[in-house]
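Now for the letters of each chain:
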Amino acid sequence: MDKLNYKDKLKMTSLPKHIAIIMDGNGRWAKKKQQSRSFGHKAGTKALEKIIKAADSLGIAHLTVYAFSTENWNRPKEEVNSLMKLLNQYLNQYLKDSKNSNIKIDVIGDISKFDKDTQDKIKQLQELTYNKSGLNLHIALNYGSRDEITRAIKKIISDATKSKINIEDINASLISNYLDTNGIPDPDLLIRTSGEKRISNFLLWQIAYSELFFSEKLWPDFDENDLYEAIFEYQNRDRRYGSI
Ligand code: FPP
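All values reported here derive from a predicted model rather than from experimental measurement. (Residues numbered from 1 in each chain as written. Predicted model: local features only at pLDDT ≥ 70, side-chain atom pairs only at ≥ 80, totals over all residues. Heavy atoms only, no water.)

**Digging into the pattern of salt bridges**
- Taken as a whole and assessed by the stated rule, the structure comprises 18 salt bridges.
- One salt bridge in this structure joins R237 and E211, with 2.9 Å as the shortest N-O distance. Of this pair, R237 sits in the segment after helix 7 (224–235) while E211 sits in strand 6 (residues 211–214), and the two are 26 residues apart along the sequence.
- Each member of the salt-bridge network shares a partner with another, and the members are D24, R28, R192, E196 and R198. (Salt bridge = Lys/Arg side-chain N within 4 Å of Asp/Glu carboxyl O. Helix = DSSP H or I, 4+ residues; strand = E, 2+ residues; numbered from the N terminus.)

**So, the sheet that holds strand 1 (residues 18–22)**
- Ordered by their spatial adjacency, six strands build an open sheet running 3-4-2-1-5-6, and the pairing between neighbours is parallel. Two strands bound the open sheet, and with one partner strand each, they are strand 3 (104–108) and strand 6. In this sheet, neighbouring strand axes are inclined to one another by 20° on average, regardless of whether the strands run parallel or antiparallel. (Pairing = 2+ DSSP bridges. Axes fitted to C-alpha atoms, helices over the stretch in contact; angles between N-to-C directions.)

**Section: the site of the ligand**
- Surveying the vicinity of the ligand reveals 16 residues, the closest of which are D24, G27, R28, R37 and R75.
- A distance of 3.0 Å separates an oxygen atom of the ligand from a polar atom in the backbone of G27.
- In the environment of the ligand, an oxygen atom lies 2.8 Å from a nitrogen or oxygen atom belonging to the side chain of R75.
- Protein burial of the ligand: of its 620 Å² of free accessible surface, 91% is covered by the chains. (Near = heavy atom within 4 Å. Polar contact = N/O pair within 3.5 Å; in protein donor to acceptor, adjacent residues only side chain to side chain. Areas by Shrake-Rupley, 256 points an atom, 1.4 Å probe, with all protein chains shown as cover.)

**Side note on the side chain of E211**
- A relative accessible area of 14% means that E211 is categorised as buried.
- Polar contacts involving the side chain of E211 include one to the side chain of R237, which spans 2.9 Å.
- Among all residues touching E211, those that are not within four sequence positions of it are D188, L189, L190, Y234, R237 and R239. (Buried < 20%, exposed > 50% of the residue type's maximum accessible area, 1.4 Å probe, protein only. Contact = heavy atoms within 4.5 Å.)

**Section: the side chain of D24**
- Note that D24 resides in the loop between strand 1 and helix 1 (26–32).
- Contact partners of D24, with chain neighbours within four places excluded, come to R192, T193, S194, E196, K217, L218 and W219.

**Brief notes about helix 4 (residues 116–128)**
- With 13 residues, helix 4 extends 18 Å between its outermost C-alpha atoms, agreeing within 8% with the 18 Å of an ideal straight helix rising 1.5 Å per residue.
- When we look at burial in helix 4, the residues that qualify are T118, Q119, K121, I122 and L125. The buried residues of helix 4 all sit within an arc of 160° when viewed along its axis, so they share a single face. Counted as exposed and oriented over 90 degrees from the buried face of helix 4: K116 and E127. (Expected span 1.5 Å × (residues − 1). Arc of directions from axis to C-beta.)

**Some thoughts on the packing of helix 3 (residues 77–97) against helix 4**
- Where helix 3 meets helix 4, the closest approach of the two axes is 10 Å, and the angle between their N-to-C directions is 30°. As the angle between them shows, helix 3 and helix 4 are arranged roughly parallel. Between helix 3 and helix 4 lies a crossing whose hand is left-handed. Listed contacts from helix 4 to L87, N88, L91, N92, Y94 and L95 of helix 3 are D117, T118, K121, I122, Q124, L125 and L128.
- Here the contact of helix 3 with helix 4 is composed, by residue class, of seven nonpolar, four polar and two charged. (Parallel < 35°, antiparallel > 145°, perpendicular 65-115°, else oblique. Left-handed = near helix turned anticlockwise from the far one by under 90°. Nonpolar A, V, L, I, M, F, W, Y, C, P; charged D, E, K, R; others polar.)

**Some points on the packing of helix 2 (residues 37–58) against helix 7**
- Packing of helix 2 against helix 7 brings their axes to within 9 Å, and their N-to-C directions diverge by 50°. On the basis of the axis angle, helix 2 is oblique to helix 7. Considering only the axes of helix 2 and helix 7, their crossing is right-handed. Contacts from K50, I51, A54, A55 and L58 of helix 2 reach helix 7 at E224, L227, Y228 and I231.

**Thoughts on the pairing of strand 6**
- Here strand 6 shows a buried face lined by E211 and F213 and an unburied face lined by L212 and F214.
- Here strand 5 (residues 189–192) pairs with strand 6 via four bridges, running parallel. Across the sheet, residue L189 finds its bridge partner in strand 6, namely E211.

**A closer look at helix 3**
- Compared with an ideal rise of 1.5 Å per residue, which puts 21 residues at 30 Å, helix 3 spans 30 Å between its outermost C-alpha atoms and is within 8% of the ideal.
- Residues of helix 3 that are buried in the fold lie against helix 2, strand 2 (62–69), strand 3, helix 4 and strand 4 (136–143).

**Describing unusual backbone geometry**
- Within the chain, S194 stands out as a residue other than glycine whose phi angle is a positive 85°.
- With respect to the helices, strands and loops of the structure, S194 is situated in the loop between strand 5 and strand 6.
- For S194, a relative accessible area of 8% puts it in the buried group.
- Although it is not a glycine, L203 adopts a positive phi angle of roughly 50°.
- Inspection of the secondary structure puts L203 in the loop between strand 5 and strand 6.

The following block contains the structure:
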């Protein structure tokens, strides 16, 4: 049976402002095709491109994607190298395309672990797209929530020691301001592909009240209509934020 066309069913007045995605399943997708994991990641990049375009044309304000986690360094060297190569190709492409694109890009995570050239490209891309008015694309690179929260705590303590902040003023809002996502609204909707139902150290603080959508599709197969389906389901949930 053909899947419904979800785009026509969306209420354009109540779109999620911020969608976060755990793009999982590249490896399994490649294995099914008897291909290398790198082949799967490359296909994952193409799926990402489609979803960025779809989110932007729909008018979604923020999209955060989990591209490389603090734990991903533990993968075989060959796979880490191929992900780094892909990341650099991706950055080069975006640097080239940025003139004709309306997408604003920034990175969350600790980029100091990347080589200097990669760090420079990331900074350049952030600067070049800073004044763009379209989708805000946040790419999570060497990102892990526990690492992010640890870095935030260190900075809060350091600022308190220098009397830049008072301990009495530490509250949820101040903590949010010390996270990498400072200034970005919390995700309304978190999508994870590949049938796995876990959060894997992604935006733990920020997803306190997000709606979760788990797709059985492997990331390279996830397409525009799957995104619309997730948004459709989100629009039909009853968000109560702990109230009744
Ligand atoms: C999880 O699939 C995916 C990743 C660890 C990387 C996600 C990267 C992309 C979608 C490509 C875009 C990347 C960059 C750097 C711009 P998995 O490998 O864990 O799949 P598996 O669970 O099936 O093994």
